[in-house]
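Each chain, letter by letter, is given below.
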Amino acid sequence: MFTERYRSHHDAEAHLARLLKPAPISGGRPGGPGERPGGGAAGKPMPGDYSGELEERLRGESGAAGAGASGAGVYIHIPYCDRICTFCNLNRKESGGADLEAYTGYLVSEIKTWGAYRYIREGSFSAVYLGGGTPTVLSTRQLETLLKALKDNLPLSGDCEITVESAQHNLGPEKAAALERAGVNRFSLGIQTVSERGRALLGRTLPEEKAREHLRALRENFGGVLGIDIIYSYPGETLAELRQDAELCINSGIDSVSFYSLMIQEGSALARSIADKAVTFERSIESDRAAHRLFYQTLKEAGFSLLELTKLARPGRDRYRYIRVQYGRGDLLPIGSGAGGRIAGFPVYSLAPGRRFVSPGTGPSEKYHRMLGLLEFARYDPALLCGELDPEAGAAVRGALSALAGEGLLEKTEDGGYSPTAEGVFWGNNMAAAILEAAVTASGAKNPADPAEAATQTVQGVGAPAEASHGRR
Ligand code: SF4
């Protein structure tokens, strides 16, 4: 049915962006009466910035963060890594020579600035995510300072999920214990593979045995949720190597695993090695499917269940609230250079110290982004999916669901919904794109003059990605 596989939500998002690409707006200034020079307090004027409107909303009398169904979270971006993985070209820099103390100070001041608004102060945040980059390039003291600032200035719920992304080599036992004492209750660890050959190819730091030992010790001593990342279908990977990675997930006591088919990011060292033919990379749909099937089925048989299209978890062990806030388009406070989020319905991009860009956020595209969020989970409820659509678009979505079931990618659930089959999980992001395409086409919303979408393109044009991080591990 599909000829090219969308490997992550980013691919489905890109497909949606193409569907909604706004027609050029005369004068080149998107937005309505609220537009004004912006880019934050100290920024250069930028068309389509709604900082003033957001300020009014945050200081006004109505609403509070987290009041909506999806709750509220905080995303903190630390765009530094002490070692660059060969496959990566995300928004990050090498930390050597960076002034991490100054960066910590900047994050703390941003937290305080946001915490002073009534809308934030009177809200409730149930998830915090420190992503990057590698947040644990910060020292234990710097991370403690950050966590204290969060607790002192933002209304975190009593059971707030606090996640820290980390590499293994910069999360020693003392640092892990100190972070747990400071409130961290979820680690997301980039392991990728335990194959020695695969680790060298992907630029992982620790040798296999040390990586295994680190995970064993962390599991024994850390009481919170432990998730790891696994990459499959990297150059030359055998199914035997992937089986070892699946067995690691089963036997190490982790709570959840994000599993991705390797994405070759343009500009990464691995992309260059492949282009120069120093590394041979032959991946077909069939080989990718065989790898996915092996990993997915092995973990399912061991009792893991699908949490979202690229994440498996032991039942009841990882609520992953952060992703529910993010996919549900709840309030997500973006802190740090390159962080993207959304407050009171306004998409907000934190560009650099003193520079912020706020998009209007109320356009025809919004409901499709909410749909995309729903489609990332392992259960499709037609009523929920079609809730905001006009009747024609709703009928098109139901038709698309039924067609995908006919292809064996979805199966009916007892309550009238659908869940993806194993093959459907493999094609999950293609299915999401196809369902959205059906909705957009039927509603005639193609190429709407959508100020929110146009403003988002403006900010991306100045180099601030909405999702700068791994972010959804
Ligand atoms: S994959 Fe993560 S840890 Fe590796 S270089 Fe990229 S941002 Fe850093």
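Residues numbered from 1 in each chain as written. Predicted model: local features only at pLDDT ≥ 70, side-chain atom pairs only at ≥ 80, totals over all residues. Heavy atoms only, no water.

1. Let's talk about the pairing of strand β1 (residues 72-78)
Residues in a regular strand point their side chains to alternate faces of the sheet. Counted residue by residue, β1 has 7 buried out of 7 residues, so it is predominantly covered. Along β1, one buried face is formed by Ala72, Val74, Ile76 and Ile78 and the opposite face, lined by Gly73, Tyr75 and His77, is buried too. Inspection of the sheet shows β1 paired to strand β11 (residues 331-335) by 5 bridges, in the parallel sense. Bridge assignment links valine 74 to a residue of β11, and that residue is leucine 333. For β1 and strand β4 (residues 125-132), the ladder comprises 6 bridges, and the chain directions are parallel. Residue pairing across strands places valine 74 opposite valine 128, the latter belonging to β4. (Buried < 20%, exposed > 50% of the residue type's maximum accessible area, 1.4 Å probe, protein only. Helix = DSSP H or I, 4+ residues; strand = E, 2+ residues; numbered from the N terminus. Pairing = 2+ DSSP bridges.)

2. Comments concerning the pattern of salt bridges
Considering all chains together, one arrives at 20 salt bridges under this definition. Across the pair glutamate 208 and arginine 212 runs a salt bridge, and its minimum N-O distance is 3.0 Å. Taken as a pair, glutamate 208 and arginine 212 lie in helix α8 (residues 208-221) at a separation of 4 residues, close to a single helical turn. Overall, arginine 212 belongs to the partly exposed group, its relative accessible area being 22%. Close ionic contact of arginine 293 with glutamate 423 constitutes a salt bridge, the shortest N to O distance being 3.8 Å. Pair noted here: arginine 293 is in helix α11 (residues 285-301) and glutamate 423 is in helix α16 (residues 422-426), with a separation of 130 residues, a long-range link. It is possible to trace a salt-bridge network through shared partners that takes in Arg329, Arg342, Glu366, Arg370 and Glu388. (Salt bridge = Lys/Arg side-chain N within 4 Å of Asp/Glu carboxyl O.)

3. Here's the deal with the pairing of strand β9 (residues 305-308)
Pairing of β9 with strand β10 (residues 311-313) involves 3 bridges; the strand directions are antiparallel. Residue serine 305 lies in a different strand from β10, and its bridge partner there is alanine 313. In this structure, the hairpin formed by β9 and β10 is closed by a connection of 2 residues.

4. So, the side chain of asparagine 430
Mapped onto the secondary structure, asparagine 430 falls in helix α17 (residues 428-443). Those residues within four positions of asparagine 430 in sequence are excluded, and the remaining contacts are Phe2, Glu4, Arg5 and Tyr6. (Contact = heavy atoms within 4.5 Å.)

5. Description of the confidence of the model for the protein
Chain-level pLDDT for the protein is 89 on average; 89% of the residues reach the 70-or-more range. Contacts from residues 23-42, a stretch scored under 50 in pLDDT, to residues over four places away or in other chains number 47 contacts. Every residue in residues 457-468 scores below 50 in pLDDT, and together they form 26 contacts with partners more than four places removed in sequence or on other chains. (pLDDT = per-residue confidence, 0-100.)

6. Here we look at the packing of aromatic side chains
The description of an aromatic ring pair uses the distance of the two centres, along with the angle that the planes make with each other. Going through the model one piece at a time under the given rule, you end up with 13 aromatic pairs. Taking the centre distance of 6.3 Å and the plane angle of 40 degrees together, the rings of tyrosine 349 and phenylalanine 357 count as tilted. The buried category is assigned to tyrosine 349, whose relative accessible area is 4%. Through a chain of ring-to-ring contacts, three or more aromatic side chains come together here, namely Phe2, Phe426 and Trp427. (Phe/Tyr/Trp six-rings, centres within 6.5 Å; stacked < 30°, edge-to-face > 60°.)

7. Concerning the side chain of aspartate 331
Summarising the element assignment, aspartate 331 is placed in strand β11. Buried within the structure, aspartate 331 lacks any salt-bridge partner; arginine 57 is the closest side chain of opposite charge, at an N-O distance of 7.3 Å. Polar contacts involving the side chain of aspartate 331 include one to the main-chain amide nitrogen of glycine 66, which spans 3.0 Å. (Lys, Arg positive; Asp, Glu negative; His and termini not counted. Polar contact = N/O pair within 3.5 Å; in protein donor to acceptor, adjacent residues only side chain to side chain.)

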